[in-house]
Amino acid sequence: MKSHNLDRIDIAILSQLQENNRIANQALAAEVGLSPPACLQRVKRLRDSGIILKEVAVLDPRLAGHGLQLIVSIEMERDRRDIYRAFSETLQDAREVTQCYEVTGEMDFILLVSVRDIRAYEQFIDRVLHSNVNIRKFHTSIAIRTVKFETALDLQADSE
């Protein structure tokens, strides 16, 4: 994936959109010091280039009925690209998995899983983890409280 050179206006636009992607174009243009048409063109370019991946609503899992947030570490049976790729593809269909990272170290994958309750997690384990013969072992940690959750990237630090 190619890194993009962001100038200070791009960074200002992205910083504003990370805080509120529903900001009106005129208000955004005023915040970053551009005319509305120039601002709209910049935002379109940032979307088209793939820097802006999605524009979504961030939900409170507990208020949305997902009472359990789990961190699942997975060790695969063998260290092979085809096994990793097949497991990654399986996870695309597992709606309980909100994030998945292939990692270095003792474990091969870290999953963030969000479910309604322990019964829903047991069903996920049976359907996705126990059914995969390439998983050697997995370890589950239950999140008891959210200490920090942030979706915005610190673009200022990258530009200095």
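For the structure itself, consult the block above.
One structure accompanies this document, and this report is about it. Just so you know, the residues in each chain are numbered from 1, in the order the chain's sequence is written. Only residues with pLDDT of 70 or above have their local features reported here, since the model is predicted, and side-chain atom pairs are shown and tallied only from 80 upward, although totals for entire chains, interfaces and linings are computed over all residues. Note: side-chain values were computed over all heavy atoms of the structure, leaving out hydrogens and water.

1. Examining the packing of helix 1 (residues 8-19) against helix 3 (residues 36-48)
Part 1 of the argument: Each axis is a line fitted through C-alpha atoms, and for a helix only the stretch in contact is used; angles between axes span 0 to 180 degrees, taken between their N-to-C directions. Secondary structure is summarised from DSSP: a helix means a run of H or I of at least four residues, a strand means a run of E of at least two, and numbering begins at the N terminus for each. Taken N-terminus to C-terminus, the directions of helix 1 and helix 3 make an angle of 80°; their axes are 11 Å apart at the nearest point. Regarding the angle of helix 1 to helix 3, the classification is roughly perpendicular. On helix 3, the residues that touch Ile9, Asp10, Ile13, Leu14 and Leu17 of helix 1 are Cys39, Arg42, Val43, Arg45 and Leu46.
Part 2 of the argument: A breakdown of the residues in the contact of helix 1 with helix 3 according to their chemical character gives seven nonpolar, no polar and three charged. Here roughly perpendicular refers to angles of 65 to 115 degrees, roughly parallel to angles under 35, roughly antiparallel to angles over 145, and oblique to all remaining angles. Residues count as neighbours in contact if any of their non-hydrogen atoms are within 4.5 Å of one another. Think of it as three bins: nonpolar holds Ala, Val, Leu, Ile, Met, Phe, Trp, Tyr, Cys and Pro, charged holds Asp, Glu, Lys and Arg, and polar takes everything else, Gly as well.

2. Comments concerning the packing of aromatic side chains
Part 1 of the argument: To pair, rings of Phe, Tyr and Trp, with the six-membered ring standing in for Trp, must have centres within 6.5 Å; the planes then decide the type, stacked if under 30 degrees apart, edge-to-face if over 60, and tilted in the middle. All chains considered together, the criterion is met by three aromatic pairs.
Part 2 of the argument: Ring geometry for Tyr121 against Phe124: centres 5.9 Å apart, planes inclined by 25°, an arrangement best described as stacked. Separated by three residues within a single helix, Tyr121 and Phe124 lie in helix 5 (residues 118-129), roughly one turn from each other. In terms of burial, Tyr121 and Phe124 fall into one category: buried.
Part 3 of the argument: Through a chain of ring-to-ring contacts, the aromatic side chains of Tyr84, Phe87 and Phe109 assemble into a single cluster. Between buried and exposed lies partly exposed: a residue is buried under 20% and exposed over 50% of the maximum accessible area for its type, with that area taken using a 1.4 Å probe on protein chains only.

3. Quick notes on the nonpolar core
Taken as a class, soluble globular proteins show a tendency for nonpolar side chains to be buried jointly.
Part 1 of the argument: Here, nonpolar core means buried Ala, Val, Leu, Ile, Met, Phe, Trp, Tyr and Cys residues that are tied together by side-chain atoms lying within 4.5 Å of each other. In terms of nonpolar packing, the biggest core is built from 22 residues, with Ile74, Val113, Phe124 and Leu129 touching the most fellow members.
Part 2 of the argument: Broken down by secondary-structure element, the contributors of at least two residues to this core are strand 1 (68-76), helix 4 (81-92), strand 3 (109-115) and helix 5.
Part 3 of the argument: With residues near it in sequence (within four places) discarded, Ile74 still touches Phe87, Met107, Asp108, Phe109, Leu111, Leu129, Ile135, Lys137 and Phe138.
Part 4 of the argument: The next biggest cluster of nonpolar side chains, apart from the first, holds 14 residues, and it includes Ile9, Ile11, Leu14 and Leu28.

4. A word on the side chain of Arg42
Part 1 of the argument: As for its position among the elements, Arg42 is in helix 3.
Part 2 of the argument: The class of Arg42 is buried, set by a relative accessible area of 18%.
Part 3 of the argument: Not counting the four nearest positions on each side in its chain, Arg42 is found in contact with Asp7, Ile9, Asp10, Ile13 and Leu34.

5. Side note on the packing of helix 2 (residues 25-32) against helix 3
Part 1 of the argument: Running from N to C, helix 2 and helix 3 cross one another at 95°; their axes reach a closest spacing of 9 Å. The angle between helix 2 and helix 3 places the two elements in the roughly perpendicular class. Here Asn25, Gln26, Leu28, Ala29 and Val32 of helix 2 come into contact with helix 3, specifically with Pro36, Cys39, Leu40 and Val43.
Part 2 of the argument: Looking at the contact of helix 2 with helix 3, its residues break down into seven nonpolar, two polar and no charged.

6. Topic: the pairing of strand 2 (residues 97-102)
Part 1 of the argument: Where strand 2 and strand 3 come together, five bridges link them in antiparallel fashion. Across the sheet, Gln99 pairs through a bridge with Leu112, a residue of strand 3.
Part 2 of the argument: In short, DSSP must find at least two bridges between two strands for them to pair. Connecting strand 2 to the antiparallel partner strand 3 that follows it, the hairpin turn spans six residues, and Gly105 within it adopts a positive phi of roughly 105°.

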